[in-house]
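# Chains, contacts and geometry: an overview
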Amino acid sequence: MSAGFRILARARKVSEQDIKNFAAIPVANISDSMARMTAAGARLRPLHRGGKLAGAALTVKSRPGDNLMVHKALDLAEPGDIVVVDAGGDLSNAIIGELMVAHAIQRGLGGIVIYGAVRDLDAIQAGSFPVFAAGVTHRGPYKDGPGEINVPIAIEGMVIAPGDLVVGDNDGLLCVGYDDIAAVYAAAKAKNDAEVAQMAAIQAGSSDRSWVDAALKRLGCEQPGQPEPRHG
């Protein structure tokens, strides 16, 4: 088996319950619960009409501008899977278009992420099937390979291994590693519950804002009506 042109088996993937749990939490709150250290970059944007992307990753590393292995990945993916493609971020040629999206929908997949370009934007925007991409171009792809399926990939520093959880909404895309699922979910749910309570307090006019002045005082910020700090 040759590195660079191979198809591997996926050894594990997140559970349906994990996917359901994370789908109910905004990506921003999940991100905050991962110390704001993980992101796929602002270039990856949702292009579909609307709706959350959440599922287990089936990863593809393709040569920029070539989609042969992406076609194979669509055939291999299981219902609910997210096909995540590292096409090098190149925008010269579209990796997928309307026909491939239709095939993914017919097979019951959960979404497609392209670190590269797509085409047939009108059709993608008219539908609710989740599609994230870095750009759009009318120029079509080649189908010559090489490429790899079910290998670890990296999108602007965010590593995605086969079977990891991938979530996306209008704020962007995020990967939660398989081994981190339980800890991140517990923190993200607590964060989300706290924000729900905070929003209720804001709407009731009872939000506690004392932390702002406390932070300014701790950081030594000079404010009107306060004595200037004394120096040595």
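Our structure is the block above this text.
Residues numbered from 1 in each chain as written. Predicted model: local features only at pLDDT ≥ 70, side-chain atom pairs only at ≥ 80, totals over all residues. Heavy atoms only, no water.

Next up on the list: the pairing of strand 3 (residues 53–62). Of all 10 residues in strand 3, 9 are buried; the element is thus mostly enclosed. In terms of strand pairing, strand 3 meets strand 11 (residues 165–169) through 4 bridges, oriented antiparallel. Note on strand 11: the bridge partner recorded for L53 is G168. Handedness of the crossover joining strand 3 and strand 4 (residues 82–86) through helix 3 (residues 68–76) is recorded here as right-handed. Relative to strand 8 (residues 147–149), strand 3 runs antiparallel, the two being bridged by 3 bridges. Paired with S62 across the bridge in strand 8 is G147. (Buried < 20%, exposed > 50% of the residue type's maximum accessible area, 1.4 Å probe, protein only. Helix = DSSP H or I, 4+ residues; strand = E, 2+ residues; numbered from the N terminus. Pairing = 2+ DSSP bridges. Right-handed = clockwise from strand over helix to strand, strands pointing away.)

Before going further, it helps to examine the packing of helix 3 against helix 4 (residues 98–106). Helix 4 packs onto helix 3 with a crossing angle of 20° between their chain directions and a minimal axis gap of 9 Å. As judged from the angle between their axes, helix 3 and helix 4 are roughly parallel. Read as a crossing pair, helix 3 and helix 4 show a hand that is left-handed. In this structure, helix 3 contributes V70, H71, L74 and D75 to the contact, and helix 4 contributes M100, H103 and A104. Classifying every residue of the contact of helix 3 with helix 4 gives 4 nonpolar, 2 polar and 1 charged. (Axes fitted to C-alpha atoms, helices over the stretch in contact; angles between N-to-C directions. Parallel < 35°, antiparallel > 145°, perpendicular 65-115°, else oblique. Left-handed = near helix turned anticlockwise from the far one by under 90°. Contact = heavy atoms within 4.5 Å. Nonpolar A, V, L, I, M, F, W, Y, C, P; charged D, E, K, R; others polar.)

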